[in-house]
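# Commentary on secondary and tertiary structure
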There are 4 protein chains.
Amino acid sequence: MENSIYVAKPKVVNDPILGLIEIKSPIILSLIEHRWLQRLRRINQLGLGELVYPGARHNRFGHTLGATYLMELAIDTLRSKGEIISDEEKEAAMIAILLHDIGHCPFSHALEYQIANVCHEDLSIVFMEKLNEEYNGRLSLALQIFKGEYHKKYLTKLISGQLDVDRLDYLSRDSFFTGVTEGNVNTDRLIKLMAIDNDRLVVEKKGMYSIEKFLVARRLMYWQVYLHKTVHSAEQLLISILRRAKDLCHKGEDFFASPALKFFLTHEVTVDDFRNDSITETGKTVLENFAMLDDSDLLVSVKTWSMHHDRVLSLLCQNLINRRLPKTMVQDKPVGKFMEKYLRERVMQEFNLTKAESEYFVSSGTISNKAYSQNHDQILVKEKEGNVIEIEKVADMMNIRALSTTISKFFISWPKNIELE
Amino acid sequence: MENSIYVAKPKVVNDPILGLIEIKSPIILSLIEHRWLQRLRRINQLGLGELVYPGARHNRFGHTLGATYLMELAIDTLRSKGEIISDEEKEAAMIAILLHDIGHCPFSHALEYQIANVCHEDLSIVFMEKLNEEYNGRLSLALQIFKGEYHKKYLTKLISGQLDVDRLDYLSRDSFFTGVTEGNVNTDRLIKLMAIDNDRLVVEKKGMYSIEKFLVARRLMYWQVYLHKTVHSAEQLLISILRRAKDLCHKGEDFFASPALKFFLTHEVTVDDFRNDSITETGKTVLENFAMLDDSDLLVSVKTWSMHHDRVLSLLCQNLINRRLPKTMVQDKPVGKFMEKYLRERVMQEFNLTKAESEYFVSSGTISNKAYSQNHDQILVKEKEGNVIEIEKVADMMNIRALSTTISKFFISWPKNIELE
Amino acid sequence: MENSIYVAKPKVVNDPILGLIEIKSPIILSLIEHRWLQRLRRINQLGLGELVYPGARHNRFGHTLGATYLMELAIDTLRSKGEIISDEEKEAAMIAILLHDIGHCPFSHALEYQIANVCHEDLSIVFMEKLNEEYNGRLSLALQIFKGEYHKKYLTKLISGQLDVDRLDYLSRDSFFTGVTEGNVNTDRLIKLMAIDNDRLVVEKKGMYSIEKFLVARRLMYWQVYLHKTVHSAEQLLISILRRAKDLCHKGEDFFASPALKFFLTHEVTVDDFRNDSITETGKTVLENFAMLDDSDLLVSVKTWSMHHDRVLSLLCQNLINRRLPKTMVQDKPVGKFMEKYLRERVMQEFNLTKAESEYFVSSGTISNKAYSQNHDQILVKEKEGNVIEIEKVADMMNIRALSTTISKFFISWPKNIELE
Amino acid sequence: MENSIYVAKPKVVNDPILGLIEIKSPIILSLIEHRWLQRLRRINQLGLGELVYPGARHNRFGHTLGATYLMELAIDTLRSKGEIISDEEKEAAMIAILLHDIGHCPFSHALEYQIANVCHEDLSIVFMEKLNEEYNGRLSLALQIFKGEYHKKYLTKLISGQLDVDRLDYLSRDSFFTGVTEGNVNTDRLIKLMAIDNDRLVVEKKGMYSIEKFLVARRLMYWQVYLHKTVHSAEQLLISILRRAKDLCHKGEDFFASPALKFFLTHEVTVDDFRNDSITETGKTVLENFAMLDDSDLLVSVKTWSMHHDRVLSLLCQNLINRRLPKTMVQDKPVGKFMEKYLRERVMQEFNLTKAESEYFVSSGTISNKAYSQNHDQILVKEKEGNVIEIEKVADMMNIRALSTTISKFFISWPKNIELE
């Protein structure tokens, strides 16, 4: 049977960042072989980031394996320092991180809310619940930990906190594949310095400079990679394409798309539609339809639509597929409203479009990032004497407070061939 | 205009292996932006290799940039040793290597001859010739060099020889992304030791141990990555899928595929069809149709066909998409014919198939590799006294001769769930 | 003749951090072969740091070559951006950085002012002046640049500023050899982003996160390596040994030391003694005597003195040579005076020593560091619009101000076998 | 007490190659702190190799820790494959490799047999036996394993075989510090593929290409580093210096040397003198005298002797200390005898020396290396079917036989300033 749980031999995966990763747990091996996890092989970790960093084509699957391995290392470290963590808890925490990204849509963050009006964390929970049924309740503890409902809160914090194995893995990984070496973090050292104090995850004080460097590296990766203006403009372009395609669908235009993608182009779905197993015209549930989607559905559609008779759609698609990305201006204060008006005017003239059509070609908005949050869930440091304080209160760490300001930048983008003179 | 040649600002690309690569030549910048070269972004360098090495999702585009950069380094080295190479020759050699993979089909080597009955080198030449027209003959010298028709034969040898910039780049690159660190070669040193002697590319003698290591690393990469038995079995599976899809097409079955792929499923084309610009029913030439194809066309089709009513096709597709790859046995002597008969019998029973249908599920054949060829185009070593000899004749390099034996291995593969007792 | 200037062939050095470094300038090649520069081969870059980081035995010679190479890269970058720098200026700037550490004493910073009462920068200038005579004035421009007397101030700033090639090299190098990977900085990128604006060294704005990371990495290296408490306690021990040895010398005790070291044990010298070429009883000038000293003189003496009949000296030496290093406490506020009294009392009892003798075994003081100085010589950032501002005034770089606080820590160290209970 | 065994807390060492190494065994921690092992901190792994590769100043101490750690990994791997190895055996094997280099003299191989007429392996055994007394027989099992007297022969082979943890560590380490990246070997993979078959150490067949690469990397390191002609000529120079110094001593000349070194300059000792604890005029045993020696004794002496009134000695020492190394010619056939005669003649004229004196300046001989030995102790490969064969008999590994030829090269070296025209 397709998803039957079977006893597997341990497997070794050669990860270019973490080396040989051995996976021994039969249930984890079985989950990895599940079609829903295999799907993550076909979703890029950095979405369109590869248009700026050609090496950055790594997928969510590799990140998922890496984070699971780091969870194992973290728990082994905590155990070696005397914390009692049962084998069941360890396996559950590893399963929770293994499945944390299972609800991601194609192109990850770029298309979140665009394909279906649901955030990826909620979808991950729906997927986990379905898997839990399939695995006869054996994922219940993992689900509890994931949702923060288990009493050992530090296990949840290792999955999702300001210093969790998710961030530790993706920073190293994205740094490796983009070649932005400055984003690299000393994962090994940061994990070895973790400890538990009164059920709270803490870091030994001698690791404080490493944490500072971790936060600074993360901030650098945000501005240099994740929010890179060219990547951002490509994402805006993809969103415009999807918007135009949906609009045309609603007008009854028929056009090429894989059956799975066509369903989402023609239906607005909510998280309940995923949960309720309602059957669609493809004979599959909404969830199964979603689970058929990956980056390739979008890529093939964009390529094919580049020859579509709707000029707006074909122009947008040609620009993306041949990497003629919009120009983007990023600045510290909001973009004046006349600039946007002016650019739309130019687009209308240049491409002979209506005002409504021009809106697909000019986009503006805000991008913001905060390296560290002082308000909740702070990183805790354990001093030699045993007291535990927030990292930003440690002497010599005052600059962490400065890192907790939200930095907002304002952007506007428009077609490449329009010069601002 | 889409492909107009324009003066561009130098661009810098961050390559995770080679660091910051600066591209200054306007024509090279223009070619990189051409849709035909951008297509290489969507073709994996190692095809299905990512199913075994999850990090190995790098594309032909990155390899192409890397090899072009290494060509620049090599020519700068040769110039610094007194060889006169004009700026035109340098640019042409760089263009030739930039375009050397432009004719690759999706999944590279796996589908060569399957999509169209042409080898990728021939197709690359057709693409270059079309580009040469578009660029008003400015690629003529590059074409001459590529085809080996230019009098400075060493420029051709740098593109395609037993120690060329193509191999130097892909070995380092594939080693980096797979995590098979042993495949890494000392590109920098090997290039710095190159020289020209009487119009022949030679390597200084003190580099002989580096060449030996390069050949051994290449051999290791062949058996551990390129011809890895699981990768190979996945490729056999993809070939069977394509074969079945074509067979069904010929029987008149209608089914989902992007227009570009559908053309190749329903037509047998030759290299002349590419050359002749004949227009197809999509309104595009055969070449333009081909240039629309990349890995995503195959992936979306395989996913969609996994729900096809033809059981053979859907079973094969489910196996690939969910990574239930065939088992493979590899051995030093040919597989006995009864084993294959026996396995087909088992497939017929297990899946309730006809004999003809069972053939898609069992494949056998030979894989072979030779690390070094002694017969032509040997690597030449320049001794201190100035004489030039073939590497395999250098004292202490006798083992190179052993590397020049062709090693053949015999494989057979069959569906995962069939146990051999 | 020993130091004759001769025309040399270019040489290539294999640096494990920077790769193949080619040195072409004949005068630089000649200086590298000078005995005074060869001496830097025998002085560890991190002094006693190897007692904590076993890999950190790299010497000042390698650092010196590395920094000279980075100077070449920096000047090539500035030239490529249109700045006019003559070949003479380039060579002079390279010579200045090549010689910047030539006045270092054994064990570098630890013994500064202990062997002779002169700082190493002043000594480096004396050495350069003597070399300038030997090279018939060909180092005059290098000296001017080194001293900040040349009108192109940015050349001086590249040698000694808050973002100079000295720091760029030693951070990467020390990070590499200690294995403290977090200290690594993106030298290549930082140099490529340098520019000159109105005779001032500036960094392009898109490099601001890299600068932030550079400052944070430097701070981390300070606390984790350079001021590491165990390294610091070993240095205190070495200083006590030298102090005791000098004291015994002054009392007329005769004991083993190399002739060069014996001179400095028995004489107090000032910078003028170095300058004046006064001849000592060894028949050599003070400067030549100093130039005979390196780490090995101290090591052999400490080993031999570990069998000396003076118990204070032999105990101290045994502790250093066999790595029984003092315990050290480091805290944010000054050490209470009774603690020091108490520890000396314990030492007197434990080792049966007088009060005066006990002082060699307990040391206390302050160690401090400032990651960035806001008061002078700030790092300047050039914004896109062309205006130049101090890095700490750039929006989103407010935390740099926090890094400019001087952090002081207070330490006390005492013999290992005394427990504080 | 100086060498008392005490219970220590686990320690972590930051190794730049292997990462964080944790040492838990109290007896191993105690041995590491022993003055005899601390001495290895002051002996370079590659002796004078740093004169060619400036980064290569790493010591035997780091190698020793690394190899001990690899032994732990190897035994953990074998245990995970079902081999029963007791904790005592594991600790003993780790101790044996920890102490395997303890008998090395200064400058390692260069001065072997020059300081005392004993090979370093024999001396290591004497040291271990003395330590075994000091540790009340707790090293007996380690000694048995080291000497090959324990019935589990594979433990001995892990210490000293054609694929042992010694070689695995030093190849990676020397590659890292020299920057000769091609010498790097995939330690992790090679260890993970080890297994035991009938009490024999074997490697799984899928590791055969990795073994081939290991042998080729080792060969490359031999010719490019260990037997590099400039390194070799520096070693010849050091040997000549020591020979001249001894000759002068025997003639009754008095001169500077540390007491420990002076003893060996003036006495010819055998392995029995080490074993018998005979007391020397320094009041120490021969063994303790030897244990006081390290690289610094030689360095300080060579520096001081560079001012000695004996012209032969001072010339030789100046050449070494200021790195004016002899020229060396290396060729595939023996050096003609007239060349040596001629060069001595030239030396006599140039430096105004007698014939006997000239012999210190010209040296000739043979250097040879064999990458793999087919005669005994071959590397065994376990095929899938379970049979075990020698690596050189595996199909596709025929070239290993070629690697088992002994390659001999012939050298002659003479003072730098004598041109051969």
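Please read all numbers here as calculations on a predicted model, not as lab measurements.

Burial analysis of helix 15 (residues 295–305) of chain A places ten of its eleven residues in the buried class, the great majority of the element. Regarding helix 15 of chain A, the residues found buried are A:D295, A:S296, A:D297, A:L298, A:V300, A:S301, A:V302, A:K303, A:T304 and A:W305. If you follow the buried residues of helix 15 of chain A, they end up packed against helix 11 (229–250), helix 12 (259–266) and helix 16 (311–321) of chain A together with helix 12 (259–266) and helix 15 (295–305) of chain B.

Each of the two copies of the chain can be brought onto the other by a rotation about an axis and a shift along it. The transform that puts chain B on chain A rotates by 180° and translates by 0.0 Å along the axis, for an RMSD of 0.1 Å. Between the two chains, the operation in question is that of a two-fold axis. Proximity to the rotation axis, assessed at the C-alpha, singles out B:S296 in chain B; its C-alpha lies 2.3 Å from the axis.

Considering all chains together, one arrives at 127 salt bridges over all chains under this definition. Here A:E288 ties to A:R35 by a salt bridge, and the two come within 2.4 Å at their closest N and O atoms. Highlighted residues: A:E288 in helix 14 (residues 286–291) and A:R35 in helix 2 (residues 35–38), separated in sequence by 253 residues. Comparing A:E288 with A:R35, the two get one shared label, buried. The shortest N-O distance in the salt bridge between D:R189 and B:E182 comes to 3.7 Å. Of this pair, D:R189 sits in helix 9 (residues 187–192) while B:E182 sits in the loop between helix 8 (165–178) and helix 9 (187–192), which puts the two residues in different chains.

Turning to the interface of chain D and chain C, a few remarks are in order. Counting residues at the interface gives 46 residues for chain D and 46 residues for chain C. Where chain D abuts chain C, roughly 3,900 Å² becomes buried across the two surfaces, and 57% of that area is made up of carbon and sulfur atoms. Area buried by chain D at its contact with chain C is led by D:R41, D:R57 and D:K303, which between them contribute 17% of it. The interface formed by chain D and chain C holds six salt bridges in total. Across the pair C:K416 and D:E33 runs a salt bridge whose closest N-O atoms are separated by 3.8 Å. The interface formed by chain D and chain C holds 15 residue pairs in polar contact (both at pLDDT 80 or more) in total. Mapped by element, the contributors of at least two residues to the side of chain D that touches chain C are strand 1 (11–15), helix 2 (35–38), helix 8 (165–178) and helix 15 (295–305) of chain D. Sort the elements by how many residues they give to the side of chain D that touches chain C and helix 15 of chain D lands first, with six residues.

On to the packing of aromatic side chains, then. Tallied over the full model, the rule gives 51 aromatic pairs over all chains. Centroid distance C:Y170 to C:Y226: 6.0 Å. Interplanar angle 75°. Geometry classified as edge-to-face. Separated by 56 residues along the polypeptide, C:Y170 in helix 8 (residues 165–178) and C:Y226 in helix 10 (residues 208–226) bring together distant segments of the chain. The exposure classification of C:Y170 matches that of C:Y226, with both residues buried. Ring centres of D:F263 and D:F264 lie 5.0 Å apart, and the angle between their planes is 85°; this geometry places the pair in the edge-to-face category. On the accessibility criterion, D:F263 (5% relative accessible area) is buried. Aromatic rings pair up to connect A:W36, A:F127, A:F263, A:F264, A:F274 and A:F290 into one cluster. The aromatic ring of C:F61 is capped on one face by C:R41, whose charged end is 4.1 Å from the ring centroid. Positioned above the aromatic ring of D:W223, the side-chain terminus of D:K409 is 3.9 Å from the ring centre.

With that settled, the discussion passes to the sheet that holds strand 6 (residues 363–369) of chain B. Residues and elements named next belong to chain B. One open sheet holds the three strands; their spatial order is 5-9-6, and the pairing between them is antiparallel. Looking at the sheet topology across the chains shown, the edges are occupied by strand 5 (327–331) and strand 6. Ignoring which end each strand starts from, the neighbouring axes of this sheet average 25° apart. By the bridge criterion, five bridges tie strand 5 to strand 9 (residues 407–414) in an arrangement that is antiparallel.

Right, let's talk about the sheet that holds strand 3 (residues 194–197) of chain B for a bit. All names here are of chain B. Strand order in the open sheet formed by four strands is 3-4-7-8, with mixed pairing between adjacent strands. The open sheet is flanked by strand 3 and strand 8 (388–390), the only strands paired with a single partner. Each neighbouring strand pair of the sheet contributes to a mean axis angle of 45°, computed without reference to strand direction. Looking at chain direction, strand 4 (residues 200–204) and strand 7 (residues 380–382) are connected through three bridges and run parallel. Residue pairing in the sheet places V202 in a bridge with L380 of strand 7.

Another point: the relation of the copies chain D and chain C. Superposition of chain D onto chain C requires a rotation of 180° combined with a translation of 0.0 Å along the rotation axis, giving an RMSD of 0.0 Å. Mapped onto chain C, 100% of the interface residues of chain D again fall at the interface, so both copies present the same surface.

Moving on to the nonpolar core. Counting 300 residues, the largest nonpolar core has B:F264, B:F274, D:F264 and D:F274 as its most contacted members. Ignoring anything within four residues of it in the chain, the contact list for B:F274 reads B:A116, B:V118, B:L123, B:V126, B:K130, B:F264, B:V269, B:V286, B:L287 and B:F290. Core analysis: the second largest hydrophobic core is formed by 296 residues, A:V185, C:F264, C:I321 and C:W414 among them.

Looking now at the environment of C:I17. Residue and element names in this part refer to chain C. Considering the arrangement of structural elements, one finds I17 in the loop between strand 1 (11–15) and strand 2 (19–23). Between the C-alpha atoms of I17 and D169, which are 152 residues apart in sequence, the distance is 9.3 Å. In contact with I17, other than residues within four places in its own chain, are S172, R173, F176 and F177.

Turning our attention to the confidence of the model for chain A. Residue and element names in this part refer to chain A. When the pLDDT values of chain A are averaged, the result is 92; 98% of them are 70 or greater. A low-confidence stretch, residues 1–8 (pLDDT under 50), is modelled with 15 contacts involving residues beyond four sequence positions or located in other chains. As a predicted assembly, this complex carries a pTM of 0.91 together with an ipTM value of 0.93.

This paragraph deals with the pairing of strand 1 (residues 11–15) of chain B. All names here are of chain B. Bridging between strand 1 and strand 2 (residues 19–23) involves five bridges; their strand directions are antiparallel. Bridge assignment links V13 to a residue of strand 2, and that residue is I21. Connecting strand 1 to the next strand, strand 2, in antiparallel fashion are three residues.

Moving on, we get to the environment of D:V381. All names here are of chain D. Here V381 shows up in strand 7 (residues 380–382). The buried category is assigned to V381, whose relative accessible area is 0%. Separated by 175 residues in sequence, V381 and K206 place their C-alpha atoms 9.0 Å apart. Ignoring anything within four residues of it in the chain, the contact list for V381 reads V203, K205, I211, N387, V388, I389, I391 and V394.

Where helix 15 (residues 295–305) of chain C meets helix 15 of chain D, the closest approach of the two axes is 8 Å, and the angle between their N-to-C directions is 120°. Here helix 15 of chain C is positioned oblique relative to helix 15 of chain D, judged by the angle of their axes. Note that helix 15 of chain C runs across helix 15 of chain D; the crossing there is left-handed. On the side of helix 15 of chain C, the interface is formed by C:S296, C:D297, C:L299, C:V300 and C:K303, while helix 15 of chain D contributes D:S296, D:D297, D:L299, D:V300 and D:K303.

Interface size, as often reported, equals the accessible area lost upon joining of the parts. Across the boundary between the two partners, chain B contributes 46 residues, which contact 46 residues of chain A. When chain B packs against chain A, the two sides together hide about 3,900 Å² of surface, and 57% of this comes from carbon and sulfur. Among the residues chain B hides against chain A, the three largest losses belong to B:R41, B:R57 and B:K303. Together they make up 17% of the total. Where chain B touches chain A, the interface holds six salt bridges. Two residues, A:D294 and B:K303, come together in a salt bridge whose shortest N-O distance is 3.0 Å. Our enumeration of links across chain B and chain A arrives at 15 residue pairs in polar contact (both at pLDDT 80 or more). If you list the elements that add at least two residues to the side of chain B that touches chain A, you get strand 1, helix 2 (35–38), helix 8 and helix 15 of chain B. If one sorts the elements of the side of chain B that touches chain A by residue count, helix 15 of chain B sits on top with six residues. Counted by class, the side of chain B that touches chain A contains 19 nonpolar, 13 polar and 14 charged residues.

Residue and element names in this part refer to chain A. With respect to burial, strand 9 (residues 407–414) is a largely interior element, seven of its eight residues being buried. Two strands pair when backbone bridges link them, and strand 6 (residues 363–369) and strand 9 are joined in this way by seven bridges, in the antiparallel orientation. Along strand 9, the bridge assignment pairs G365 with F411.

Calculation rules
Residues numbered from 1 in each chain as written. Chains lettered and ligands numbered in written order. Predicted model: local features only at pLDDT ≥ 70, side-chain atom pairs only at ≥ 80, totals over all residues. Heavy atoms only, no water. Buried < 20%, exposed > 50% of the residue type's maximum accessible area, 1.4 Å probe, protein only. Helix = DSSP H or I, 4+ residues; strand = E, 2+ residues; numbered from the N terminus. Contact = heavy atoms within 4.5 Å. Least-squares fit on C-alpha atoms with pLDDT ≥ 70 in both. Salt bridge = Lys/Arg side-chain N within 4 Å of Asp/Glu carboxyl O. Buried area = accessible area lost by both parts, 1.4 Å probe. Polar contact = N/O pair within 3.5 Å; in protein donor to acceptor, adjacent residues only side chain to side chain. Phe/Tyr/Trp six-rings, centres within 6.5 Å; stacked < 30°, edge-to-face > 60°. Lys NZ or Arg CZ within 6 Å of the ring centre and 35° of its normal. Pairing = 2+ DSSP bridges. Axes fitted to C-alpha atoms, helices over the stretch in contact; angles between N-to-C directions. Core = buried A, V, L, I, M, F, W, Y, C linked by side-chain atoms within 4.5 Å. pLDDT = per-residue confidence, 0-100. Parallel < 35°, antiparallel > 145°, perpendicular 65-115°, else oblique. Left-handed = near helix turned anticlockwise from the far one by under 90°. Nonpolar A, V, L, I, M, F, W, Y, C, P; charged D, E, K, R; others polar.

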